[in-house]
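Architecture and fold: a report
Read off the chains here:
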Amino acid sequence: MPKEKLSIVKIGGNIIEDEASLNAFLKLFSNLEGKKILVHGGGKRATHIASKLGIESKMINGRRITDADTLEVITMVYGGLVNKNVVAKLQALNTNAIGLTGADVNSIKSDKRPVKDIDFGFVGDVKEVAYKSIDKLIQADFTPVFCAITHDGNGQLLNTNADTITSQVAVGMSNLYETSIYYCFELKGVLRDINDKNSVVKHIDSKIYQDLLNQGIIADGMLPKLENCFDALRHGVNTINMGNTAMLTQENDDFTTITL
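Residues numbered from 1 in each chain as written. Predicted model: local features only at pLDDT ≥ 70, side-chain atom pairs only at ≥ 80, totals over all residues. Heavy atoms only, no water.

**Quick notes on the overall build of the protein chain**
Across its full length, the protein chain carries eight helices and 14 strands. Whereas a compact globule of 260 residues would reach a radius of gyration of roughly 18 Å, the protein chain reaches 18 Å, a difference of no more than 12%. Along the longest, intermediate and shortest principal axes, the C-alpha atoms of the protein chain span 45 × 45 × 35 Å. With 260 residues in all, the protein chain has 48% of them scored as buried. Carbon together with sulfur atoms contributes 49% to the accessible area of the protein chain, which is approximately 12,500 Å² in total. On the protein chain, the mean spot of the 28 positive side-chain charges and the mean spot of the 31 negative ones are 2 Å from each other. (Helix = DSSP H or I, 4+ residues; strand = E, 2+ residues; numbered from the N terminus. Rg over C-alpha atoms; globule rule 2.2 N^0.38 Å. Buried < 20%, exposed > 50% of the residue type's maximum accessible area, 1.4 Å probe, protein only. Areas by Shrake-Rupley, 256 points an atom, 1.4 Å probe, with all protein chains shown as cover. Lys, Arg positive; Asp, Glu negative; His and termini not counted. Charge placed at Lys NZ, Arg CZ, Asp CG, Glu CD.)

In structure tokens, the structure reads:
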């Protein structure tokens, strides 16, 4: 018997920051057929509120250093302000959402990132997804909405990359479902030419990926993103889609689909 489909959608800070974009996205997400999970970040909002509180945000290679004060802000902003706003807006669209951190129903456990060259502080690397627990919520007709926080099982919350949460949750859920990931960001997809916003590479598989790497088309910030994608595909995820929020509509096919 074929597995039921499950969509896992990740939105970034730029959509969350802009009320009109967020409302438009959540309408698309609500209309998405079948079972689904939403994962969100909120880094820009966290930086903004931290500065209001006189807490400096330290970033290294685009990653946030999370000291004890920063973790408090992140917990308030991701787990509270952003998550509950998103959940309330989804309820208004008749999507029965439930807001979660990785600590809720013990859904996502992480290890605190070991100190090598840089001490990232209270940052977690995902080690275990309780996919059966998450599925109980889905089977009860709830739509899980995860923020970018996990826990270590010993009472410690950890700031965790939202892209990583998305791929690890998708890998876990692929034990039960045919899982597809949708990474929503500003661009229409992976671009052949960074200066041409319409030069979308519509399909990437392992071979095309190697060609794009050799040509230097995939570089910088896209590299770790796509490495993560192929890792997730090798571990059971069915397809991964990258593009702007329009890829959630039936009539749009102008985005990047990644398969093995």
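**Regarding the layout of surface pockets**
In this structure, the largest pocket encloses a volume near 1,100 Å³. Lining the largest pocket are 35 residues, and of these K10, G62, N161, D163 and K225 lie nearest its centre. Where the lining of the largest pocket is concerned, the elements lending two or more residues are α1 (13-17), α3 (43-52), β4 (63-65), α6 (162-173), β11 (178-184) and α8 (222-234). Among the elements that take part in the lining of the largest pocket, α8 stands out by supplying four residues, more than any other. Partitioning the lining of the largest pocket into residue classes produces 13 nonpolar, 14 polar and eight charged. Taken together, 18 residues line the second largest pocket, and the ones lying closest to its centre are K5, S7, L32, E33 and Y182. Elements represented by at least two residues in the lining of the second largest pocket include exactly β1 (5-11), β11 and β13 (239-243). (1 Å grid on protein atoms, 1.4 Å probe; cavity = no way out; pocket = protein on both sides within 12 Å on 5 of 7 lines; lining within 4 Å. Points joined across faces, edges and corners; volume = space filled by probe spheres on them. Nonpolar A, V, L, I, M, F, W, Y, C, P; charged D, E, K, R; others polar.)

**What about the nonpolar core?**
Formed by 70 residues in total, the largest nonpolar core has its most connected members in V9, F25, I37, L38, I240, M242 and I258. Sort the elements by how many residues they give to this core and helix α4 (residues 68-92) lands first, with eight residues. (Core = buried A, V, L, I, M, F, W, Y, C linked by side-chain atoms within 4.5 Å.)

**Overview of the packing of helix α2 (residues 19-31) against α4**
In contact at an axis separation of 10 Å, α2 and α4 are set at 55 degrees when each is read in the N-to-C sense. Viewed along their axes, α2 and α4 adopt a mutual orientation that is oblique. Regarding α2 and α4, the two cross each other, and that crossing is right-handed. Between α2 and α4, the contacting residues are E19, L22, N23, L26, F29 and S30 on the first element and V86, K89 and L90 on the second. Along the lines of polarity and charge, the residues of the contact of α2 with α4 split into five nonpolar, two polar and two charged. (Axes fitted to C-alpha atoms, helices over the stretch in contact; angles between N-to-C directions. Parallel < 35°, antiparallel > 145°, perpendicular 65-115°, else oblique. Left-handed = near helix turned anticlockwise from the far one by under 90°. Contact = heavy atoms within 4.5 Å.)

**Brief notes about the sheet that holds β1**
Taken in spatial order, the eight strands of this open sheet run β5-β8-β2-β1-β11-β13-β14-β12, and their pairing is mixed. Edge positions in the open sheet fall to β5 (97-100) and β12 (203-204), since each of these has one partner strand only. Along the sheet, α4 contacts β2 (35-40), β5 and β8 (143-146); its crossing angle with β5, the most-contacted strand, is approximately 175 degrees. (Pairing = 2+ DSSP bridges.)

**Focus on the packing of aromatic side chains**
Overall, the coordinates contain two aromatic pairs when judged by the stated rule. Relative to F230, the ring of Y209 has its centre 4.7 Å away and its plane inclined at 35 degrees; by these criteria the two rings are tilted. With a gap of 21 residues between them, Y209 in helix α7 (residues 206-214) and F230 in helix α8 connect regions that are remote in the sequence. You can call Y209 buried: its relative accessible area is 6%. If you follow K36 out to its NZ or CZ, it ends over the ring of F29, 5.3 Å from the centre. In this structure, K112 packs its charged tip against the face of F122, placed 5.7 Å from the ring centre. (Phe/Tyr/Trp six-rings, centres within 6.5 Å; stacked < 30°, edge-to-face > 60°. Lys NZ or Arg CZ within 6 Å of the ring centre and 35° of its normal.)

**Regarding the UniProt feature "binding site: substrate" (unreviewed entry) in the protein chain**
Following the UniProt record, the feature "binding site: substrate" (unreviewed entry) maps to G42, G43, R64 and N159 here. The greatest C-alpha distance among the annotated residues, which extend across 118 residues, is 11.9 Å, indicating that they converge on a single site. As for the largest pocket, its lining draws on G42, G43, R64 and N159 from among the annotated residues. What makes G42 buried here is its relative accessible area of 2%. Excluding residues within four positions of it along the chain, G42 makes contact with I16, V77 and Y78. As for its placement among the helices and strands, G43 is situated in helix α3. (UniProt positions renumbered as here; feature names shortened; annotations may be inferred.)

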